[in-house]
Amino acid sequence: MARWFALRALRGALTVALVVTFAFVVLRMSADPALVILGPEAPPEVIAAFRKSWGLDEPIFVQYLDYVAAIFRGELGRSMRDGRPAIELVAERIPATLALTLPALALKIGIGIPAGVWASLHRGTLVDRAVMSLAVAGFTVPSFVLGLVLVLVFSVKLGWLPSGGQDTWTHAILPIVTMGVGGAAVLARFTRSAMLEVLGQPYMRTASAKGLPWARAIRDHALPNAAIPTVTIVGFMVGTLIAGAVVVESVFSWPGVGRLLVVAVSNRDLAVVQCILLLVAATMVASNFVVDLLYGLLDPRLATGARGAGH
Amino acid sequence: MASASSLVRLEGLTVAFDGVRVLHGVDVELARGGTLGLVGESGSGKSVTWLAALGLLPTKARVEGRVLLDGEDLLAASERRLDAVRGGRIAMIFQDPASALNPVLTIRRQIGEALALHRGLSGRAIGAEAKRLLDLVGIPDAERRLSAYPHEFSGGQNQRIMIAMALAGRPDLLVADEPTTALDVTIQAQILDLLDLVRRETGMALVLISHDLGVVSQTCDRVAVMYAGRIVEEGPSDRLFADPAHPYTRGLIGALPPLDGSRRRLVSIAGTVPDPKAPPPGCAFAPRCLHSDRRCAVAQPSVETIEPGRRMACVLAVHRREESAGAASSLARKETAAS
Ligand SMILES: Nc1ncnc2c1ncn2[C@@H]1O[C@H](COP(=O)(O)OP(=O)(O)OP(=O)(O)O)[C@@H](O)[C@H]1O
Ligand SMILES: [Mg+2]
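Cut-offs used in this document
- Residues numbered from 1 in each chain as written.
- Chains lettered and ligands numbered in written order.
- Predicted model: local features only at pLDDT ≥ 70, side-chain atom pairs only at ≥ 80, totals over all residues.
- Heavy atoms only, no water.
- Helix = DSSP H or I, 4+ residues; strand = E, 2+ residues; numbered from the N terminus.
- Buried < 20%, exposed > 50% of the residue type's maximum accessible area, 1.4 Å probe, protein only.
- Contact = heavy atoms within 4.5 Å.
- Areas by Shrake-Rupley, 256 points an atom, 1.4 Å probe, with all protein chains shown as cover.
- Near = heavy atom within 4 Å.
- Polar contact = N/O pair within 3.5 Å; in protein donor to acceptor, adjacent residues only side chain to side chain.
- Pairing = 2+ DSSP bridges.
- Buried area = accessible area lost by both parts, 1.4 Å probe.
- Salt bridge = Lys/Arg side-chain N within 4 Å of Asp/Glu carboxyl O.

This brings us to the overall build of chain B. Check the secondary structure of chain B and you find 14 helices and 12 strands. Classification of the 339 residues of chain B by burial places 55% in the buried group. By sequence separation, contacts in chain B at least 24 residues apart represent 64% of the contacts at least 6 residues apart. Of the accessible surface of chain B, which amounts to about 14500 Å², a share of 52% is contributed by carbon and sulfur atoms.

Next comes the structure, spelled out in structure tokens:
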């Protein structure tokens, strides 16, 4: 078990390190932050001073080492734009993002899983086909398109809901729905196929053969097995709670982490971008870790791997 | 063949999948406490027969005929009634015990379900009775192993657990569908012995489905031979084994390995089972039969009683038996040499 934990931790750390390095390389190679932030018209001495104060005049690998060393000291740097600590800028955006992504996640799970289970139990019927067609639509239509369509219908045409901003809770409805629909579709399809796989297993026939009513066979025998693959997808969705709203926040001008990321990237505001990526990677790694723990709880074959072999 | 004491009687049982008939009217009867072996090559309809009888086929299957349990037609019974019958009156165990048990539920839970459903037990009583059943089927250290999962047992042990689960509802009939096919040779005999033992102790009836005529004739009083969705011969095992009437049965026996040799998958009759989508005209076995002639392709042979308690469906064999009883045994020898 200790080995398992150590291995997971190592893999998680490696993932974070890769993400951070990748972002550093891409951001620093693609443009000069001094020019982007000060503008091309800025006098050369101002640009030079800016470079010096942010350490941009050092060789790139020295900057990289400095940056990594700072992370190990727990310093995530300051925004080149307004000099505030990057972590502060990011932290104050997190509630706004979670205000969208958490309800959206609830929507995905609350609609996607029951719809998938339901479709699997009514396989081949008209309703199954309807649910699955909707699901295909739901995850092929890009979220910005869906967002715009929803705005057109519910804000512009019907005038029921606001199209952007975050003044009242009604402002959150359209972005939440936009995000939730696609995720629910993915989850519905996935749950359905996981259920169909399970329903065809011999142990389901055994359950019926011992006289278990069908509804109970589904609840007690099928669902716990279908939950195992489904948890992977849900875990992935949990992993995107922080960064999953980039597109939707832009479409609905919602001041969350995603919008901050877009602005920081276009400014080449390295510290802020890194800070967000670090956060995203950490959420991903953490949710992966939780998923693995859940596997162990849901599937005794994994939990007792070492013990079972002894028998 | 109808008798008042019969426990289960299948009458004209037919099954079709997507319009393709795979079972063409199966009639068979089982006495209370009786033992019936069901043999035939893969695809002959052995499993489908009993899955259909218990309403365990997928909904796309069209099942017709009658399945009488103490005179009650199960094909006309409600789903609720069937749930009470399944596991309570008729239990079934399957070929691959590892996949027939739910991988995420403990053994205690899986046996306990049957105890709760059919015996009305709960709480402590379930644990005690489940332990007794595991002891009965020969799982060592039963108390502790109740909380284990199927993957922590060997294949043979899992089949023992399946048997314990089947016994939990105190059924009047156990249908064992190739219970040893997936197991090691040494384990196969142990499981068959166990089945025989529990059958004697509980007095329940047994249907043993197998490819292996040898296995079946050791365990069962009566044997039914299936071919392409029909029973082609049925009778007491000793009679059927000593003096097989149908050419297919004789082929099966001819294909038996020598007594001293190792056991292997049998059935070395030339040719293959016909595709149910394109059945041959007349007798389904005719294309592979060493004796077939024009008459065989004309019509489905009717089922004839050839001795008291024995019936068979073959036009030619009936004639032959009528002509001379002695010639049959020499014919059988010739076939053995040919196959
Ligand atoms: N769910 C199903 N859908 C379609 N066809 C099926 C289904 N189950 C069985 N069949 C067909 O029914 C026929 C009889 O199958 P069955 O499983 O009863 O054979 P069997 O005698 O038990 O063979 P085996 O020894 O391989 O178990 C076969 O042709 C098979 O393809
Ligand atoms: Mg079978």
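Past the structure itself, the notes keep going.
What follows concerns unusual backbone geometry. Outside of glycine, negative phi angles account for most residues, and trans bonds account for most peptide bonds. All names here are of chain B. The residue D18 is not glycine, and still its phi comes out positive at about 50 degrees. Along the chain, D18 falls in the loop between β1 (6-17) and β2 (20-31). With a phi close to 50 degrees, R170 is a non-glycine residue in the positive phi region. Among the secondary structure elements, R170 is positioned in the loop between α7 (155-168) and β7 (173-177). Accessibility expressed as a relative area gives 56% for R170, which makes it exposed.

Moving on, we come to the site of ligand 1. All names here are of chain B. Around ligand 1 sit 15 residues in total, of which S42, G43, S47, V48 and E178 are the nearest. Note that an oxygen atom of ligand 1 is positioned 2.8 Å from one of the backbone N or O atoms of G43. Take S47: an N or O atom from its side chain is 2.7 Å from an oxygen atom of ligand 1. When isolated, ligand 1 has an accessible area of 630 Å², and the protein chains bury 69% of it. If you tally residues by element for the shell around ligand 1, the top one is helix α1 (residues 46-53), at three residues.

A few words now on the sheet that holds strand β5 (residues 72-73) of chain B. All names here are of chain B. Spatial strand order, β2-β1-β4-β5: four strands in an open sheet with antiparallel pairing. A strand with exactly one partner marks an edge of an open sheet, and here the two such strands are β2 and β5. As judged from the nine bridges shared by β1 and β2, these two strands associate in the antiparallel manner. Across the sheet, the residue bridging to R9 is E29, located in β2.

Here we come to the interface of chain A and chain B. Accessible area lost on assembly of the parts is the figure often given for the size of an interface. Listed per partner, the contact involves 23 residues of chain A and 27 residues of chain B. Summing both sides of the interface, chain A and chain B together bury roughly 2200 Å²; the carbon and sulfur share of this comes to 59%. Three residues, R205(A), A209(A) and K210(A), lead the burial of chain A against chain B; their summed loss comes to 27% of the area buried on that side. The interface formed by chain A and chain B holds two salt bridges in total. Residue E113(B) pairs with K210(A) through a salt bridge whose shortest N-O separation is 2.7 Å. Those elements giving two or more residues to the side of chain A that touches chain B turn out to be α9 (202-209), α10 (214-239), α14 (300-303) and α15 (305-309) of chain A.

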